[in-house]
Structures are given as C-alpha cells and as structure tokens.
Amino acid sequence: MTPATDHELSPVLRKQDAPLLRVENLSVAFHTRNGLVRAIEEVSFEVPAGKVLGIVGESGSGKSVTALSLLRLIPSEIAEISSGSVWFGGRDLTRLSERELRRIRGREIAMIFQEPMTSLNPIASVGAQLREPMQLHLGMKAAEASRRVEELLDLVGIPQPRKRMTQYPHELSGGMRQRVMIAMALSCEPKLLIADEPTTALDVTTQAQILDLLRSLQSRLGLSIILITHDLGVVAQFADNVQVMYAGRAIEQAAVAEIFRQPAHPYTEGLLKIVADLEAECGRLSSIEGTVPAPHELPPGCAFAPRCPRSDTACTASPPPLSPISPGRRCACVRPVGFPQFRASA
Amino acid sequence: MTSHPLVIVEGLSKVFSPGTKASLRAVDNVSFDMVRGETLALVGESGCGKSTTGRLLMRLIEPSEGRVQFDGVDFMSLSSKELKRERRRLQLVFQDPYSAFNPRMTAESIIAEPMLLAGASASDRRQRVGELLPLVGLAPHHASRYPHQFSGGQRQRIGIARALALRPEFIVCDEPVSALDVSVQAQVINLLVDLQQKFGLTYLFISHDLRVVRHIADRVAVMYLGRIVELADKKTLFADPQHPYTRLLLSAVPQIRPTVQAGLLRTASGEVGTAVTESGCRFAGRCSHVIDVCRSAQPQLRPIAGGHQVACHLAGNVEPSK
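Keep in mind that this is a model prediction, so the values were computed, not measured.

Participant: Lay out the packing of helix 12 (residues 266–280) of chain A against helix 7 (residues 182–199) of chain B with the relevant residues and their values.
Facilitator: Where helix 12 of chain A meets helix 7 of chain B, the axes come as close as 9 Å, and the angle between the chain directions of the two elements is 50 degrees. The angle between helix 12 of chain A and helix 7 of chain B falls in the class oblique. Crossing hand, helix 12 of chain A versus helix 7 of chain B: left-handed. Residues Leu271, Ile274, Val275 and Leu278 of chain A of helix 12 of chain A form the contact with helix 7 of chain B, whose own contacting residues are Val182, Ser183, Ala186 and Ile189 of chain B. Partitioned by chemical class, the residues of the contact of helix 12 of chain A with helix 7 of chain B number 7 nonpolar, 1 polar and no charged.

Participant: Give me the packing of aromatic side chains: which residues, what numbers.
Facilitator: Residue and element names in this part refer to chain A. If you walk through the whole model with that rule in mind, you get 8 aromatic pairs over all chains. Taken together, a centroid distance of 4.5 Å and an interplanar angle of 55 degrees make the contact between Tyr246 and Tyr267 tilted. Of this pair, Tyr246 sits in strand 9 (residues 241–246) while Tyr267 sits in helix 12; the two residues are 21 residues apart in sequence, bridging distant segments of the chain. Residue classification places Tyr246 among the buried positions, given a relative accessible area of 3%. Judged by relative accessible area, Tyr267 falls into the buried class, the value being 0%.

Participant: If you had to explain unusual backbone geometry to someone new, which residues and values would you point to?
Facilitator: Across the chain, the bulk of peptide bonds are trans and the bulk of non-glycine residues have phi less than zero. Residue and element names in this part refer to chain B. We note that Asn29 has phi near 55 degrees; this positive angle belongs to a residue other than glycine. Its relative accessible area of 39% is what places Asn29 among the partly exposed residues. The residue Arg167 is not glycine, and still its phi comes out positive at about 50 degrees. The topology assignment puts Arg167 in the loop between helix 6 (152–164) and strand 7 (170–174).

Participant: Tell me about the sheet that holds strand 12 (residues 308–310) of chain B, and please be specific about residues and values.
Facilitator: Residues and elements named next belong to chain B. Strand order in the open sheet formed by 8 strands is 6-7-8-3-9-10-12-11, with mixed pairing between adjacent strands. In the strand order of this sheet, the two ends are held by strand 6 (90–93) and strand 11 (302–305), each with one partner. When strand polarity is set aside, the average angle formed by the axes of neighbouring strands in this sheet is 20 degrees. The pairing of strand 10 (residues 227–233) with strand 12 spans 2 bridges and is classified as antiparallel. Bridged to Leu231 within strand 12 is Gln309. Sheet strands in contact with helix 7 are strand 3 (39–43), strand 7 and strand 8 (202–207), and its direction is about 160 degrees off that of strand 8.

Participant: Could you give an account of the sheet that holds strand 1 (residues 21–32) of chain A, with specific residues and numbers?
Facilitator: All names here are of chain A. If you walk across this open sheet you meet the 4 strands as 2-1-4-5, and the pairing is antiparallel. Among the strands making up the open sheet, the edge pair consists of strand 2 (35–47) and strand 5 (91–92). Of the pairings in the sheet, the one linking strand 1 to strand 4 (residues 79–88) comprises 8 bridges and is antiparallel in character. By the bridge assignment, Leu21 is partnered in strand 4 with Phe88. In this fold helix 2 (residues 63–70) packs onto strand 1, strand 2 and strand 4, with an angle of close to 110 degrees to the strand it touches most, strand 1.

Participant: Explain the environment of Gly226 of chain B to me, and be specific about the residues and the numbers.
Facilitator: Within the secondary structure, Gly226 of chain B is located in the loop between strand 9 (219–224) and strand 10. In the structure, Gly226 of chain B is positioned 210 residues away from Phe16 of chain B in sequence and 12 Å away in space, judged by C-alpha atoms.

Participant: Break down the pairing of strand 11 of chain B for me, with residues and values.
Facilitator: All names here are of chain B. Pairing analysis gives 3 bridges linking strand 11 to strand 12, with the strands arranged antiparallel. Within strand 12, the residue paired with Ala305 across the bridge is His308. From the end of strand 11 to the start of strand 12, which pair antiparallel, there are 2 residues, and Gly307 there has a positive phi angle of about 80 degrees.

Participant: How would you summarise helix 4 (residues 107–117) of chain B if you had to cite specific residues and measurements?
Facilitator: Residue and element names in this part refer to chain B. Among all positions in helix 4, only Ala107, Glu108, Ile110, Ile111, Ala112, Pro114 and Met115 are buried. Along its buried surface, helix 4 packs onto helix 5 (122–135) and helix 6. Just beyond helix 4, the residue with positive phi is Gly119, at close to 90 degrees.

Criteria and thresholds
Residues numbered from 1 in each chain as written. Chains lettered and ligands numbered in written order. Predicted model: local features only at pLDDT ≥ 70, side-chain atom pairs only at ≥ 80, totals over all residues. Heavy atoms only, no water. Axes fitted to C-alpha atoms, helices over the stretch in contact; angles between N-to-C directions. Helix = DSSP H or I, 4+ residues; strand = E, 2+ residues; numbered from the N terminus. Parallel < 35°, antiparallel > 145°, perpendicular 65-115°, else oblique. Left-handed = near helix turned anticlockwise from the far one by under 90°. Contact = heavy atoms within 4.5 Å. Nonpolar A, V, L, I, M, F, W, Y, C, P; charged D, E, K, R; others polar. Phe/Tyr/Trp six-rings, centres within 6.5 Å; stacked < 30°, edge-to-face > 60°. Buried < 20%, exposed > 50% of the residue type's maximum accessible area, 1.4 Å probe, protein only. Pairing = 2+ DSSP bridges.

In short, shape yes, function no, at least from these values alone.
This is the structure we're talking about:
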C-alpha cells in the first residue's frame, strides 16, 4: 500500500485513524462472601493501531484485571463486568456471546502471561501446542501448520526450530518458554497483543532480550501491544503511551516522554522519585508512606489521599475523575503536580 | 571502620550430588572479606549461586570445600553445639517472609522464636518484642496478629524484627525487597539502612536487582554460574565495569532516564548456562570478546586496581563495546 497524505484520505479511510481498541468506563466487580467488591472502576483508554500502551501499577492496582477483562477471561462466577464497553473492530466485546468471543481470542487479540511454564501444556510438545491455534482458528492442516510453526519459532529467535518442536516445555529455559508463548500468540497474526508482565519472572538479561524481541516484532508486524507491568523502567524503554493505575482506577494517562518529564499525579511523582533516587545513588530514598488500600477498604474520596503529601479536604469528598490537563494528557487529581493552572471541578 | 575483617570467606565451594551424573558445582571457589559495618552485595541471575553462598557462609549448608572465619572464629571447625551458639551473631532475612513464617503463629511469637530457642524467659521475650516492633515501624497492637493479616511490607518488617531479636552483628539479606512493590521497597530499604547505622550491622545483601544494589551496597560482587567474576567498590563497578558479563548485566537494567540507556550490549548471546565450557571461562560461550585462552583456562579473580578484582583474561584490555 502506498502511504497517502492526510488531505488525500477519504472520510472512510480516515476512519482507520480510529483507535484499534477503545475501552469505555469499564468496571469489574468480584463476587465475595461480603458481596460485590470493585476491582476496577470506570477505566477508559484507547490503543491506537501500531502503538504500545503500558499499563503500570503496583499489586492490587487492577492492571491485570483490566487486561483479563478485555477478553472476558475471568469466569463470570468469579467476577462480572458491571458496566462499560470494550470496542474492537466496531464491536463491543462485552456484549459478544462466548462463541463469538472465541473467534477473537487468540486470533485477533492474543495474550501472553508472566509465567510461561504455567501457561504451556506440560505434556504436549512445543510443536503440537503451536499448531493448535492455527488448526482451530485458521483451519490449517497439520502439515501446513507444522511448516508455519517452524517459521514462527525462527521469527522469535529460537535456534534449531525443527528440534525444538519435538521438545516439551520443561526442556526449555525460561526465556525460551516465553519465546514459545510469543510465537503462539503471534501464530494467527493478531492485531493486538496483551502482554501481562511478560518479563517479570525472567532474569534481567533475558528480560532485555525478550523486550528487544517484542519491540522488533512490533515494528515489523505493525502490532499494537498492551504491556502490563509494575516496572517503570520497562515502560520507559518500551511503551509509547502509559496509563498509571492505583487502587482500581486509571489515575494518569500520557505519552511516555511526557510523564517521565513531568508526572502530574502525586502517586506517579512518588514512584518516579523512588526509581530516580535508586538510579542516582542518593542517600535516603524518598518513599510513599503507607500501603495500597484493600478494595473493600477504599476511602470515599481519592484512594491515594491517605498517602498523599498534597492531599487536603478537597480530596476526601469523592474520587476525582480522570480529566484532561493538557493535550493528550489526563490525570485524576484535584491538585496535579506541575500543572498549577489546573483545578479539577470534582 | 577498622580494617580487620569481620568475615573472611576463602575458597568456598559447594558441589551438589557429587560423583553423580547430576553433579553440580553451585558455588565454585568463592573468596571475599567483609569489614564490620559494610554492605557487600552479591548480585547475579537465577542459579548463579548467590543464595547458596549466603547459606554456606552461615553453615546452614555444609560447604564441600573452603573456609569461613567470623570475627576470628573458624566456622568450619566448630561442633554443632558451638556452631549453634556462634550462629546467633548471624541472622538471615528472606525474600518472601510469608513462606518463612508459620501461619498459625502470631507476629509476637514469630519474632520471639529465636529468643525462645536461645532460652530467654517469657518476660524477657515479651519485653524485647516490645522494643523491636517500633524499631521496625510496627505498632504494639500488631503483636497479636497473624501473618495473613499483614501486607507484604509489614511481613518483611516482622522478618527483620525476628532477625534482630538476638542482637546479631551480621545479617544475610536474601532478596529482602524483591517481592515488594516499589513504594514499599523504598520503605524497607530505608529501614535496613537505618538499622545498619543504629546498630553497626554488617550486611551481605543478595539481590538480582542492580538498582537496589546500587543504592544500598558499599561493595559489589558479581556472580556468574557459581563464581565471582568481578568484585569492586560500588562506584568503580558501576562506572568502570571490566568483566563482559558485568557490562551485559548493567546494560540490561531498564532505566527511566532515556539518556543513560544505550540499549542492551551486544557482547553476549544466549542465556545463563548457554554452552558452558568445562575447562575455560564459564561465560566464554556467550562472550563476544572470547579468545582461545578463554576456552582452555579458567580465569582467576585477580586485582587490577586497588580493591577491584576481575576474573577475565582480558580484564583491563576490553574496549567498552557499544
């Protein structure tokens, strides 16, 4: 395809500028003995085609629940999507039937997880596991799928693919297993890859190799990626845009360069200070006192207020909404850092 | 600080399942000294032998070869009874305190257990727990709670209180903040630093996280497949790493400041354990600087400048590759 300049695009073609994925006000609640407990609340974000969105947060921030809920991978007995939409290819994934959704999972949207060993089948060979999605989704015959498996293993940098196909997951190193997972995720040429802490279980040099691989595949295949991570360094290196989550809410969204230049939410600022202090070898680390509140103990106002150095009475009334603070940036704070002109009308 | 070392480790080795096909030299001829009050970090990736080294040092695992001297006492020559007494001066803080605690014990009895084993009376134990809780940032009412009622950071505080109960001089911190979230990590690191200053503690800080190590350590020893490949004071190691593996490791840490990141050094391929040669350097199979001698002779850890030791045939001659 020859690239068209902007003014030449017809209105129909311009529609392709619409984001690949758009999440609107997604809320997910878990069924517990004490009733429904909100895990994520009113989360909205977009993933443009060919871009990497990093979703960063600490344990319990709701980043993984967000990722799993996009494809409705949490069983309905455990959790329910209480409101919101997930728009992908003109359809709202929250409203599709199980059957319709199965055609999207693994084919148009694929996912990789933190611990490849628990996601791979220990008693099936690498080749058999990689063939399966292509046989199911693309109706490939075994021989054709095998040829494709070889190409895929080569694509993800696994030497001697033919030999590896006959091996079982336990015969591979952690990095190799994650490469197999990536090969499997890419086998049906998805448009979107959701990577949930894909390098957290790996050693740092292996992590760097896997991130390198994902980056090169992303640009080569024009893939969109949602990268879930707790590591701001990984986000800085890998993502185009970032969403910071805290206690089930998106509290800040920005382009990566912007957020590292000037964080707006006091929580983001606190996290960045810690990492910067670590890198700067300063004497005492700045820290964020206290801990993340449990989902059933959320304060009525901003969930970060009890730990926030800037909090005042305005913060304790109701949770501040995620509001625009400058072009392309949104922040859920009454008094964002570095944006003195901005006051949320919460 | 006196120059008289508190800890001397010499030629420490551990072979698991010796003489069998599965024989594994997990720690191979490791030597280092530590002076009182310092923090030496042992860094490396999974399987490099850093945790085993910590346990060998305390003789929680019997070494196959080598010697450990603690404050002039030869640990290897002690009877088990003597060892038990001496070992009170050394304590261990684990990565995941949740799995290191008995879930049916309260915080108070967890913290008091080392004292119970040392024969302290109930009133002494209670009093000491009362001192320890505020010291690690916990409140008195936490004493009666159970492990599952605490957050990860609070559990690590309990683990630290337990380690401090017998007033040790030396603590092996084995990945003490690796399981914690960043914001909580900072709290626990600050606590460890405060306690060290307050009590003149000496830390062997075992970690895979170079960012944390860079913050907390005085000196750093980098391990690769059972051997120390480089040892230097922190400034030197981070500013002027000599071993190709150290350089690889440092370049792999994702930094938030984009300017300092040059991307992963292409000095190495493969993963830990790839193509290990039996006779030569254990990193040779992955190293892009490899020369003939690397495959035939194992490089020994040797000083190249004051206190900076490197186990590489090319040390001092390797151009920093980009």
